[in-house]
Amino acid sequence: MFSLRNCFSVFIAALTTCAAVVNATPSSLGRPATPAEIKAWDIDVRPDFKGLPAGSGSVKLGQEVWEAKCESCHGVFGESNEVFTPIAGGTTKADMTSGRVSGMVLGAKNAAAQRTTLMKLSELSTLWDYINRAMPWNNPKTLTTEEVYAVTAYVLHLGDIVPADFVLSDKNIREVQKTLPNRNGKTRQHGLWNVGDKPDVQGDKCVANCVKATTIGSSLPDYARNAHGNLADQHRLIGAVRGLNTAGAVASNVTANTPKSTSSTPDPLKLAQQHACTACHGVANKLLGPSLTEIHKKYAGTVDVVSVLAAKIKAGGSGVWGAIPMPAQAHVPDADIQAIAAWLAAGKF
Amino acid sequence: MNDFNSTQMGRLQKAPEFFLSREAMTLSRDDRRSFLRRAFVAASGVAAAAAGGRALASEGDPAILKLPTHSTGLGAPVAAKGYGTPSKYEENLQRRESPGLTRVSAASVSFAPLQGFFGIITPSGLHFERHHQGFWDIDPRQHRFMINGLVKTPKVFTMDDLMRMPCVSRMHFIECGANTGMEWGNVAVPTVQYTHGMLSCCEFTGVPLKWLLDDCGIDLKKAKYVLAEGADGSGMTRTINLANALDDVMVAYGMNGEMLRPENGYPLRLVVPGVQGVSWVKYLRRIEVGDMPYAAKDENLHYVDLLPDGALRTYTSIQEVKSVITTPSGGQVLLDKGFYAITGIAWSGRGKIRRVEISTDGGKNWKDARLETPVLDKCLTRFNFNWTWNGSDAILQSRATDSTGHIQPTMTALRAARGTRSTYHNNSIQSWLVSANGEVSNVQLA
């Protein structure tokens, strides 16, 4: 493979022979990054804690931040499975000593129903880095360094890894690392990392009379037949096969397999999905924000309800439904906001 | 709707192929608008009456005899659609979520409708999606790409810079590490869209990362890994092996002849051929060159493969040799006995597909499928196999072998080594049961 420089030399040579005046050199593409730019973006923290900013944060502050910004998704004790998988639970004091979470062993008596973050966590840097770069989910990279330390400490406290009065800092984080319940629970001895690694499971070459009898060990239960919607509507109308009508009623077979009418009126639900409204607002269930049904009920009967809702969507806000703020949606076209507001007002979801 | 003379589009009879009973299949065969079929039925003298006086009395197919509007009218003008869209009759082929798999759609996945694809290229609008924190349509004029770490000169590139550079175009598959992940314990989903649809294959255009690293003066004595980082809320990070980074990894802006779609990382994403999709960082803003793996969340905490002894395989990356039959496949109905082209796709993160074999008897006997060209490195390969269905139960399977000699294993062999809780990297042989009533369903063999 040519290096960039080589490629350019050839290119430039070709142009020069055509008597073109070429001042560009390869190094003129791109420019050196300034120290401030590198500092602004180079936020990653490695397992050896290179990249970790100096600072500290207490479990106490962590709890405050947690209750304001994290609890709605993760639950008061990091146990919630409503939006994301649980964070705390399933680790023991004995695990902290061994560095292996016993509840993850197949058939373990103390096996947790679901693997939590703390059961899997082998590097504290991973937790700190992730909270710092990607949390809170709907407003990432807005926590202060102290708050990131504090939330990390609070998560560790939820797992009984540090006490309630603990203050996590860049000075003691290496010591805490040594107590992580699953710090010895990972392996890189597998064939899926380095190019040229040997696969761990090789298939069979056999081509004739390979198995004596075939027995079906698993198939979809009848009750799940329509769980993914009508499969007839998920296949092409022509060709060698059709999609199976799983909707049940035989009479609907023909109509079910024709395309829906193409309407130019925007579907408000689609707009709400497109603009990520539904990431935080369920139709009937509370997620980060109130459900659409709740919003509809609250504003039913309000004078000029569509304009009121449209203004609220556009400006965002907090305090009406709780402390979690809704960001302003100024980037959403007015026509779409109007359509969504009218849909909310009508309440026919 | 049931009138043979109707000019309505589509199937005109009662669509009996959607029945599940043997009687219904018989009806389907007898009621078929095939002249050959009718001739057969008439000759056999069995169901001549069932074939109906109406068909035999007809002078032919009204789709031929009665000229349709599109033959007698004026069509739409050029540029009626500045950016063309598929026919409305193709509306059934959509990216879809798997109900119950995730709780919020901005941290979810949509599956590509593999059951409807031809060849190896995924149409851009049907490329599978995986977003951890929603997707964005970023102003490319404001997008910046930085290289720092163990390089002589840390640099910043604009999209103008990157698109001015020499570039390459290559076709590669991208597969989520969790593809087929729902099937580790048992059959969980009905169709190939949901079993294998976190898979796409496109032609990508961009600058080989090696050229950019060379341009910044990478310190090859110290460098062992690079970290890729995204500009979106998730700030997605993954460690890439230097061996990959210096081989075929690409900083890509083009996909299938146009710019990347916003759902796929517009205006810049990393292409890491052969490696699971989460490493193909979207909205790529930074590459850091380093000397140790970074233990990012999605290589050290998530996207880790749990073994029976409780150990977690971290940094699992390579997508191993795998194939699947896309037709006939789960949730489909065969219209009749007789000829079918079994078709599907095969791929390997370690190289090219060398061979695909087909079994129609649940793995007892295997015969070679035909590989269609092109057969490329770390790219989907289309295979075809001529088959005549005799109307009895059949279990269809495909088994791929790659250029390193790695053969796709059975689910049983995979479970024996890794248990059932691995979540990721399920490259097992897929089984589709064709039942006598024509219905095809997802099954696993004991």
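One structure accompanies this document, and this report is about it. Note on numbering: residues in each chain are counted from 1, in written sequence order. Following the order in which they are written, the chains are lettered starting with A and the ligands numbered starting with 1. It should be noted that, the model being predicted, local features are given only for residues of pLDDT at least 70 and side-chain atom pairs only at 80 or more, the latter also being counted only at that level, while totals for whole chains, interfaces and linings use all residues. Computation of side-chain values covers all heavy atoms of the structure but excludes hydrogens and water.

### Some thoughts on the overall build of chain A
Only DSSP runs of H or I covering at least 4 residues are called helices, and only runs of E covering at least 2 are called strands; the numbering of each starts at the N terminus. A count of helical and extended segments in chain A gives 14 helices and 6 strands. Contacts: residue pairs with any heavy atoms within 4.5 Å of one another. Look at the contacts in chain A between residues 6 or more apart in sequence, and 57% of them connect residues 24 or more apart.

### Section: the side chain of Arg-46 of chain A
Looking at the secondary structure, you find Arg-46 of chain A in the loop between α2 (35-41) and β2 (56-58). For Arg-46 of chain A, a relative accessible area of 6% puts it in the buried group. For every residue, the accessible area obtained with a 1.4 Å probe (protein chains only) is divided by the maximum for its type, and the residue is called buried under 20%, exposed over 50%, and partly exposed between those limits.

### Remarks on the state of the cysteines
Only a pair of cysteine sulfur atoms within 2.5 Å counts as a disulfide in this structure description. What the rule picks out here adds up to 1 disulfide over all chains. Bridging Cys-206 of chain A to Cys-210 of chain A, the disulfide has an S-S length of 2.2 Å. Linking Cys-206 of chain A and Cys-210 of chain A, the disulfide has an S-S dihedral of approximately -95° and is accordingly described as left-handed. Classification of Cys-206 of chain A as partly exposed rests on a relative accessible area of 24%. Classification of Cys-210 of chain A by relative accessible area gives partly exposed; the value is 24%. Cysteine Cys-202 of chain B shares no disulfide, and the gap to the nearest cysteine sulfur, in Cys-201 of chain B, comes to 6.6 Å.

### Examining the environment of Gln-142 of chain B
Its location among the elements puts Gln-142 of chain B in the loop between β2 (129-131) and β3 (144-149). Here the alpha-carbon distance between Gln-142 of chain B and Thr-158 of chain B, two residues 16 residues apart in the chain, equals 7.9 Å.

### Remarks on helix α14 (residues 334-346) of chain A
All names here are of chain A. Helix length check: α14 (13 residues) gives 18 Å between terminal C-alpha atoms against 18 Å at 1.5 Å per residue, within 8%. Structurally, α14 contributes buried residues whose contacts are with α10 (268-274), α11 (277-280), α12 (292-299) and α13 (305-315). Once α14 finishes, Gly-347 follows within two positions and takes phi at roughly 70°, a positive value. Here the expected length of a helix is defined as 1.5 Å per residue gap, with one fewer gap than residues.

### Notes on the sheet that holds strand β20 (residues 370-371) of chain B
Residues and elements named next belong to chain B. DSSP-based pairing: two strands are paired if at least 2 bridges between them are found. Strands sit in the order β15-β17-β21-β20 across an open sheet of 4 strands; the sheet is antiparallel. In the strand order of this sheet, the two ends are held by β15 (322-327) and β20, each with one partner. Note: β15 against strand β17 (residues 338-347), 5 bridges, orientation antiparallel. Within the sheet, the bridge partner assigned to Ser-323 lies in β17 and is Ala-346.

### Some remarks on the pairing of strand β23 (residues 431-434) of chain B
All names here are of chain B. Taking every second residue as pointing to the same face, both faces of β23 are buried, with Ser-431 and Leu-433 on one and Trp-432 and Val-434 on the other. Inspection of the sheet shows strand β22 (residues 394-402) paired to β23 by 4 bridges, in the antiparallel sense. Pairing of Gln-397 across the sheet is with Ser-431, part of β23. Examined bridge by bridge, β23 and strand β24 (residues 440-445) share 4 bridges and lie antiparallel to one another. For Val-434, the partnering residue across the bridge sits in β24 and is Val-440. Connecting the antiparallel pair β23 and β24 is a turn made up of 5 residues, with Gly-438 showing a positive phi of about 95°.

### Let's talk about the interface of chain A and chain B
Often, the extent of an interface is quoted as the loss of accessible area on bringing the components together. Listed as interface residues are 110 residues of chain A and, on the opposing side, 133 residues of chain B. What counts as buried area is the accessible surface, traced by a 1.4 Å probe, that two parts surrender upon association, with contributions from both included. Carbon and sulfur atoms make up 58% of the surface buried where chain A meets chain B, a total of about 10600 Å² over both sides. Considering only the surface of chain A that becomes buried against chain B, Trp-41, Leu-192 and Trp-193 of chain A emerge as the three largest contributors, covering 8% of it. Salt bridges are defined by distance alone: a side-chain nitrogen of Lys or Arg within 4 Å of a carboxyl oxygen of Asp or Glu. Where chain A touches chain B, the interface holds 8 salt bridges. Of the charged contacts, one joins Arg-286 of chain B and Asp-44 of chain A as a salt bridge, the two residues approaching to 2.6 Å between their closest N and O atoms. Here a polar contact means two N or O atoms within 3.5 Å. Within protein one must be a hydrogen donor candidate and the other an acceptor candidate, and residues neighboring in sequence count only if both atoms are side-chain atoms. In this assembly, chain A and chain B are joined by 66 residue pairs in polar contact (both at pLDDT 80 or more). Element by element, the count of residues in the side of chain A that touches chain B is highest for helix α6 (residues 124-134) of chain A, at 5 residues. For the side of chain A that touches chain B, the class distribution of residues is 52 nonpolar, 30 polar and 28 charged. Note: strand β5 (residues 216-219) of chain A against β24 of chain B, 3 bridges, orientation antiparallel. Gly counts as polar in this scheme, as do all residues outside two lists: the nonpolar Ala, Val, Leu, Ile, Met, Phe, Trp, Tyr, Cys and Pro, and the charged Asp, Glu, Lys and Arg.

### Concerning the packing of α12 of chain A against α14 of chain A
Residue and element names in this part refer to chain A. One way to put it is that α12 packs onto α14 with a least axis distance of 8 Å and a crossing angle of 75°. Judged by the angle between their axes, α12 and α14 are roughly perpendicular. Of the residues in α14, those in contact with Leu-292, Ile-295 and His-296 of α12 are Trp-343, Leu-344, Ala-345 and Ala-346. Considered class by class, the residues forming the contact of α12 with α14 number 6 nonpolar, 1 polar and no charged. A fitted line through C-alpha atoms serves as each axis, taken over the contacting stretch for helices, and the angle formed by two N-to-C directions is quoted from 0 to 180°. Reported orientations rely on four angle classes, namely roughly parallel under 35 degrees, roughly antiparallel over 145, roughly perpendicular from 65 to 115, and oblique for the rest.

### Comments concerning the sheet that holds β24 of chain B
One open sheet accounts for 6 strands, arranged β5(A)-β24(B)-β23(B)-β22(B)-β18(B)-β19(B); its pairing is antiparallel. Looking at strand neighbours, the two that pair on one side only are β5 of chain A together with β19 (367-368) of chain B, the edges of this open sheet. When strand β18 (residues 353-359) of chain B meets β22 of chain B, the two strands line up antiparallel, connected through 6 bridges. Its bridge partner being in β22 of chain B, Ser-359 of chain B is matched across the sheet by Gln-397 of chain B.

### Comments concerning the pairing of strand β21 (residues 381-389) of chain B
All names here are of chain B. Within β21, 7 of the 9 residues are buried, leaving the element largely enclosed by the surrounding structure. With 9 bridges joining them, β17 and β21 adopt antiparallel strand pairing. Note on β21: the bridge partner recorded for Tyr-340 is Trp-387.

### Considerations on α13 of chain A
Residue and element names in this part refer to chain A. All buried positions along α13 are accounted for by Val-305, Leu-309, Ala-310 and Ile-313. Projected down its long axis, α13 carries its buried residues within an arc of 130°, all on one side. The inward-facing, buried residues of α13 abut α12 and α14. Note on α13: the residue one or two positions beyond its end, Gly-316, has a positive phi of about 70°. Directions drawn from the helix axis to the C-beta atoms are what define this arc.

Structural measurements only, silent on function.
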